[in-house]
Amino acid sequence: MIEAYKKMYTKLEDLPSKYITAKQVVNLKSLGIDTIYDLIYYFPRAYDNRSNVKNIGDLTFNEYVVVKASVMSVLNMPNRSGKKIVKAMITDGTGIMEVLWFGMPYISKSLKVGEEYIFIGQTKKSNLFQFINPEYKLYKGQEKETAKEILPIYSSNKSITQNNLRKIIKKFLENFLKYFEENIPNDLVKGYKEIFERTQAIKNIHFPESVQAIEAANLRFATEELLILELGILKNRFIVDSLNTKKYEIEGKKEKVKKFLELLPFELTRAQKKVIKEIYDEISDGKIVNRLVQGDVGSGKTAVATVMLIYMAENGYQGALMAPTEILANQHYLGMKERLEKIGLRVGLLTSSIKGKKKTEILEAIANGDIDIVIGTHSLIEDNVVFKKLGLIVIDEQHRFGVNQRNKLREKGFLGNLLVMTATPIPRSLALSIYGDLDLSIIDELPPGRTPIKTKWIANDKDLSIMYDFIYKKVNSGNQAYFVAPLIETSDKMALKSVDKVSEEIERRFSDKKIGIIHGKMKAKEKDEVMLKFKNKEYDILIATTVIEVGIDVPASTIMTIYNAERFGLSALHQLRGRVGRGSKQSYCFLISDSTTENSKQRLSIMEKTEDGFIIAEEDLKLRNSGEIFGLRQSGFSDLKFIDIIYDSKTIKDVRDLCIAYLKKNKGKIKNEFLKYDIERKFSDLQSGN
Ligand code: ADP
Ligand code: MG
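Keep in mind that what you see is a predicted model, and the values were worked out from it rather than measured.

## What about the overall build of the protein chain?
For step 1, the next point in the chain: Of the regular secondary structure elements, the protein chain holds 23 helices and 21 strands.
For step 2, the next point in the chain: Out of the 690 residues in the protein chain, the part that is buried amounts to 53%.
For step 3, the next point in the chain: In the form shown here, the protein chain has an accessible surface area of approximately 32200 Å², with 51% of it arising from carbon and sulfur atoms.

## A closer look at the packing of helix H8 (residues 255–263) against helix H10 (residues 301–314)
For step 1, the next point in the chain: Contact pair H8 / H10: the axes reach a minimum separation of 8 Å and the direction vectors enclose 145°. You can see that H8 and H10 cross each other, and the crossing is right-handed. Residues Glu255, Lys256, Val257, Phe260 and Leu261 of H8 pack against Thr306, Val307, Ile310, Tyr311 and Glu314 of H10.
For step 2, the next point in the chain: Residues belonging to the contact of H8 with H10 are distributed by class as follows: six nonpolar, one polar and three charged.

## Let's talk about the pattern of salt bridges
For step 1, the next point in the chain: Within this structure, the stated rule accounts for 26 salt bridges.
For step 2, the next point in the chain: One salt bridge in this structure joins Lys29 and Glu13, with 3.3 Å as the shortest N-O distance. Here Lys29 is found in helix H2 (residues 22–29), whereas its partner Glu13 is found in the loop between helix H1 (2–6) and H2, with 16 residues between them in sequence.
For step 3, the next point in the chain: A relative accessible area of 40% means that Lys29 is categorised as partly exposed.
For step 4, the next point in the chain: Glu135 is paired through a salt bridge with Arg45; the nearest N and O atoms lie 2.7 Å apart. Of the two residues, Glu135 is situated in strand E7 (residues 135–138) and Arg45 in the loop between helix H3 (36–40) and strand E1 (46–48); the sequence distance between them amounts to 90 residues.

## Some thoughts on the nonpolar core
For step 1, the next point in the chain: Leu28, Phe172, Phe221 and Leu231 are the most contacted members of the largest nonpolar core, which totals 73 residues.
For step 2, the next point in the chain: When residues of this core are traced back to their parent elements, those giving at least two are H1, H2, H3, helix H5 (162–176), helix H6 (198–206), helix H7 (211–243), helix H22 (649–665) and helix H23 (673–687).
For step 3, the next point in the chain: Tallying contributions element by element places H7 first for this core, with 13 residues.
For step 4, the next point in the chain: Excluding residues within four positions of it along the chain, Leu231 makes contact with Leu188, Cys659, Tyr662, Leu663, Ile670, Leu675 and Ile679.
For step 5, the next point in the chain: Counting 68 residues, the second-largest nonpolar core is a separate cluster that includes Tyr311, Leu321, Ile354 and Ile381.

## Section: the sheet that holds strand E12 (residues 373–376)
For step 1, the next point in the chain: Ordered by their spatial adjacency, seven strands build an open sheet running E11-E12-E10-E13-E14-E9-E15, and the pairing between neighbours is parallel. Strands at the two margins of the open sheet, each flanked by one partner only, are strand E11 (347–350) and strand E15 (439–443). Neighbour to neighbour, the strand axes of the sheet diverge by 20° on average, direction disregarded.
For step 2, the next point in the chain: Where strand E10 (residues 318–322) and E12 come together, four bridges link them in parallel fashion. Looking at the pairing, Leu321 lines up with Ile375 of E12.

## Observations concerning the pairing of strand E14 (residues 418–422)
For step 1, the next point in the chain: With five of five residues buried, E14 lies mostly within the body of the structure.
For step 2, the next point in the chain: Residues Leu418, Val420 and Thr422 of E14 are buried on one face, and the alternating residues Leu419 and Met421, pointing to the opposite face, are buried as well.
For step 3, the next point in the chain: Examined bridge by bridge, strand E9 (residues 290–295) and E14 share five bridges and lie parallel to one another. Within E14, the residue paired with Leu292 across the bridge is Val420.
For step 4, the next point in the chain: Two strands pair when backbone bridges link them, and strand E13 (residues 390–396) and E14 are joined in this way by four bridges, in the parallel orientation. Opposite Asp396, over in E14, you have Met421 as the bridge partner.

## Describing unusual backbone geometry
For step 1, the next point in the chain: Notably, Asn133 is not glycine yet its phi reads approximately 45°, a positive angle.
For step 2, the next point in the chain: Among the secondary structure elements, Asn133 is positioned in the loop between strand E6 (129–132) and E7.
For step 3, the next point in the chain: One non-glycine residue, Lys537, lies in the positive phi region at around 65°.
For step 4, the next point in the chain: In this structure, Lys537 sits in the loop between helix H17 (524–535) and strand E19 (541–544).
For step 5, the next point in the chain: On the accessibility criterion, Lys537 (42% relative accessible area) is partly exposed.

How each quantity is defined
- Residues numbered from 1 in each chain as written.
- Chains lettered and ligands numbered in written order.
- Predicted model: local features only at pLDDT ≥ 70, side-chain atom pairs only at ≥ 80, totals over all residues.
- Heavy atoms only, no water.
- Helix = DSSP H or I, 4+ residues; strand = E, 2+ residues; numbered from the N terminus.
- Buried < 20%, exposed > 50% of the residue type's maximum accessible area, 1.4 Å probe, protein only.
- Areas by Shrake-Rupley, 256 points an atom, 1.4 Å probe, with all protein chains shown as cover.
- Axes fitted to C-alpha atoms, helices over the stretch in contact; angles between N-to-C directions.
- Left-handed = near helix turned anticlockwise from the far one by under 90°.
- Contact = heavy atoms within 4.5 Å.
- Nonpolar A, V, L, I, M, F, W, Y, C, P; charged D, E, K, R; others polar.
- Salt bridge = Lys/Arg side-chain N within 4 Å of Asp/Glu carboxyl O.
- Core = buried A, V, L, I, M, F, W, Y, C linked by side-chain atoms within 4.5 Å.
- Pairing = 2+ DSSP bridges.

Structure follows, in structure tokens:
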């Protein structure tokens, strides 16, 4: 049966010419259609349904509609990546809509302000309802809309007309729909909403019987694409899970952990304790730990990681902590070394600037078990790093590492225990799905006694000069300040602040203060020295690039100033700001930007309004193309066609729950052979980067 099923991937050029001509094959290729499957799954991007013109005031999200409205304004603008966008505002008296066309600059010439048009598209929502790349036609008042039929509108190009596409697709539905066997097992969606069968859905998405049928078909395909993705991500976990107890035994000594906690200058928060307990419990059961520890910037992930490393070490297993930068590895090393040695553990550091004899010594110590805990960078992944008995791997700030690097380190483990610490600003629902193969612990609380950071957007020279005076006074009274610029050297091409430029200015304004500079082109050793001096208050001011973005912890610094703030993404701004506000003193963040674009305005005012990483993450997702978000593309979540990862988080969760229930029942096995095949195919595509 599966052999017949695979026929849906027959190449169009291999079909007899009674189904398709050679010329049509070429034309369809230009639309990215190569196989029967591609063609049948080439769904309309809109429907021409003139009997159903809707008022803007009555629109809902994600519906296929026809709107009759007049153009208020047309604007031609480049976006951040230089792609041309035409933006029009339209109104029909009941409301206003925004219409965007990407990469079609000529449209701005053909649209006339004041004229009435018919727009056909799918509604998207930003602040206003939007159409993206809709069809449009000049409305000629006399037109009487009588057509009952709902016609599909496909994305197309000059080589092939809508009518031709419709005809070819009709013919294919008649001849090849039989290959498209049902791939959603009944018992998987039992208790879920009623959904269309596959062939019924395919027919209705192309040539719908009614508007309701389009929606029902959409639900079916949304479910289908999510199922394939989620089952693929989750299934390994259930195969492992069913075997995952009593993998090893651990004595459970906690002496050193206790001593360490006494040495800490603070008490762990409730959230830190909760997460530590979650991990303890798994280890006590002899389970292989495979866990994402998510916590906002400054929530104290390091302490959680350290406790677990100590626990494993005192029970006979080595630990490794891998950080994304040398600065951060060094900071962890210096921050932990003293206390760990006090409780009788041996700590080592391994980074790429450790070479020669020193490196050989450390490698030997790791191999023969003389080092209990090794802290390092990517260097830890190298083949020559061999552990005697590695029991726990911690990866800090995981969004800098790819999945392959994660696995490579894991393979060195005696036990595969893995903790991934991340502040990756993504909403919880999404984290659960993307990191579906990991369990999730959340540190949902910041240490007490932190004063909220005051954030101000500095948009003009007057405010700028007030800001400098303010910072001067603060530094004079013993505060430390960061100044961050987007570039190292000044370049003629861009009117951006560079570390060069900033340091001239700062040296002039703060001539009696001690100033350090740090950037990515410096040697690791130089960077460490600068960081150490700043930490020890030998510098009042640190001028930096984003090398300090992640993880840097100097609790005494209270001022963060960011030049050209519009150049940074929300998550980078959030990370940078997270460098201050780490102690009990009032901290300040200044975002300097004279940008006047709508996007900059929205982003900078979100920064002024909130410090909550999850809210910022959600806003960030709304303002950006989700494909830009790190980790999302590789996860397969960015190319979902029927799901909007922001607005459909409920559906994502529902389908995920269905998948978990199904996998539990079937011990990780996929019973429907068609579905199984689809999953394998999807994931071999993802891995090969298609
Ligand atoms: P992140 O989660 O961003 O990695 P860190 O682990 O660097 O955060 O911790 C941020 C700061 O908070 C550090 O200075 C750390 O010493 C401090 N800290 C961690 N846990 C606590 C706590 N329970 N109480 C007070 N301060 C804490
Ligand atoms: Mg950290």
